[in-house]
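Each chain, written out:
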Amino acid sequence: QVQLVESGGGLVQAGGSLRLSCAASGRTVSSYLMGWFRQAPGKEREFVAAISGNGGITTYADSVKGRFTISRDNAENTVCLEMNTLKPEDTAAYYCAAKRPPYALYRTGYDYWGQGTQVTVSS
């Protein structure tokens, strides 16, 4: 019922920046927990960041803390991930996800997923 479409991926040199965007449709997701995950070839999907419905609470994986920022614009039904000081180990397919309320855990139990957008960081 909720469709999520990511955009903004690409190729960037180490130390550079990218902004990923996730557009939600089908329902207003202003009350949903929104998250970003990533998956590199041969590895399991990994939690990156999440943001509460009103944007008041954010949480990040230790590997990206201080470099990535998650934000949302509920008027436009979108979520963004600003990625700075990118490292080769950030290379992965990045996925947007949404979780219906009520929710307690931020890193598991998501209900809807996007198709992914590729981020490649060269050294």
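Just so you know, the residues in each chain are numbered from 1, in the order the chain's sequence is written. Predicted model: local features are reported for residues with pLDDT of at least 70 only, side-chain atom pairs are reported and counted for 80 or more only, and whole-chain, interface and lining totals are derived from all residues. To obtain the side-chain values, all non-hydrogen atoms of the structure were used and water was disregarded.

A. The state of the cysteines, seen in detail. The term disulfide is used for any two cysteine sulfur atoms that are within 2.5 Å. Evaluation of the coordinates by the stated rule reveals one disulfide. Covalently, C22 is tied to C96 through a disulfide, its sulfur atoms 2.1 Å apart. On the S-S bond that ties C22 to C96, the torsion sits near -80°, and the link is left-handed. On the criterion of sequence distance, the pair formed by C22 in strand β3 (residues 18-25) and C96 in strand β9 (residues 92-99) is long-range, its members being 74 residues apart. Free cysteine C80: the closest other cysteine sulfur is in C22, separated by 8.8 Å. Secondary structure follows DSSP: runs of H or I at least 4 residues long count as helices, runs of E at least 2 residues long count as strands, and numbering of each begins at the N terminus.

B. How the structure looks around the packing of aromatic side chains. Stacked, edge-to-face and tilted labels apply to pairs of Phe, Tyr and Trp rings (six-membered ring for Trp) whose centres lie within 6.5 Å, assigned for plane angles under 30 degrees, over 60, and everything in between, in that order. Taken as a whole, this structure holds five aromatic pairs when the rule is applied. An aromatic cluster is defined as three or more aromatic residues linked by ring pairs; in this entry it consists of F37, F47, Y110 and W113. By definition, being over a ring means that NZ of Lys or CZ of Arg is both within 6 Å of the ring centre and within 35 degrees of the ring normal. Positioned above the aromatic ring of W113 is the side chain of R45, whose terminal nitrogen or guanidinium carbon lies 4.7 Å from the ring centre.

C. Region of the structure containing the side chain of T78. By secondary structure assignment, the location of T78 is in strand β8 (residues 78-83). In this description, contact between two residues means that some pair of their heavy atoms is separated by no more than 4.5 Å. Each residue touching T78, except ones within four places of it in the same chain, is listed here: C22, A23, R72 and D73.

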